[in-house]
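Listed below are the residues making up each chain.
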Amino acid sequence: MRTTRRAAGIVAASIALGFIGVVPAHAEGSRTTYISGWHINNESQRWTDNNKDATSTSVAFSGCSTDSGNGFNDAGLTLWKDVFGPDENHSSRSNRCNTSSWGRQSAGSYYFSLNSLTYGGTLHVKSVTIRY
């Protein structure tokens, strides 16, 4: 009887450890936030990409609006690497209230800035998801 319980316990523990070891692949990191009242040259908070995976760095907008009667059409975003001295410009992307991607980035601290708006001078975004 004791041997049967011990064997059952070992099998149960093995199954549990097996499930713990099966973890779905996810991006190294992400954060969700919002934008309220941004103007040209406003910057996001910094995040650290340790480059431990092959995930593309991306910024996804949803629920976009501006202070213009024409509504939202397009926001120009620039990805920056925060370094000693002048920060490194990692190029700009056009965001039409969708996802802008910059590909896999090297390890470091990053942020994005608003460099243009098609209409208006103030940007509001209900949901901003940054993946890295």
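Before reading on, note that the structure itself is shown above.
Quick look at the structure, then. (Residues numbered from 1 in each chain as written. Predicted model: local features only at pLDDT ≥ 70, side-chain atom pairs only at ≥ 80, totals over all residues. Heavy atoms only, no water.)

What follows is about the pairing of strand 8 (residues 123–131). Relative to strand 8, strand 1 (residues 30–38) runs antiparallel, the two being bridged by 7 bridges. When the bridges of strand 8 are listed, Arg31 appears paired with Ile130. Relative to strand 8, strand 3 (residues 58–66) runs antiparallel, the two being bridged by 8 bridges. Residue Phe61 lies in a different strand from strand 8, and its bridge partner there is Val128. (Pairing = 2+ DSSP bridges. Helix = DSSP H or I, 4+ residues; strand = E, 2+ residues; numbered from the N terminus.)

Looking now at the packing of aromatic side chains. Overall, the coordinates contain 4 aromatic pairs when judged by the stated rule. Look at Trp47 and Tyr132: their rings are 6.0 Å apart centre to centre, the planes differ by 25°, and that puts the pair in the stacked class. Here Trp47 is found in strand 2 (residues 47–49), whereas its partner Tyr132 is found in the segment after strand 8, with 85 residues between them in sequence. We note that Trp47, like Tyr132, is buried. Aromatic rings pair up to connect Trp38, Phe61 and Phe112 into one cluster. Just above the ring of Tyr111 sits the side chain of Arg46; from NZ or CZ to the centre is 3.6 Å. (Phe/Tyr/Trp six-rings, centres within 6.5 Å; stacked < 30°, edge-to-face > 60°. Buried < 20%, exposed > 50% of the residue type's maximum accessible area, 1.4 Å probe, protein only. Lys NZ or Arg CZ within 6 Å of the ring centre and 35° of its normal.)

With that settled, the discussion passes to the sheet that holds strand 4 (residues 75–82). Pairing in this open sheet of 4 strands is antiparallel, and the strands run 2-7-4-5 from one edge to the other. Strands at the two margins of the open sheet, each flanked by one partner only, are strand 2 and strand 5 (88–95). On average, each strand axis in the sheet is tilted by 35° relative to the strand beside it, whichever way the strands run. (Axes fitted to C-alpha atoms, helices over the stretch in contact; angles between N-to-C directions.)

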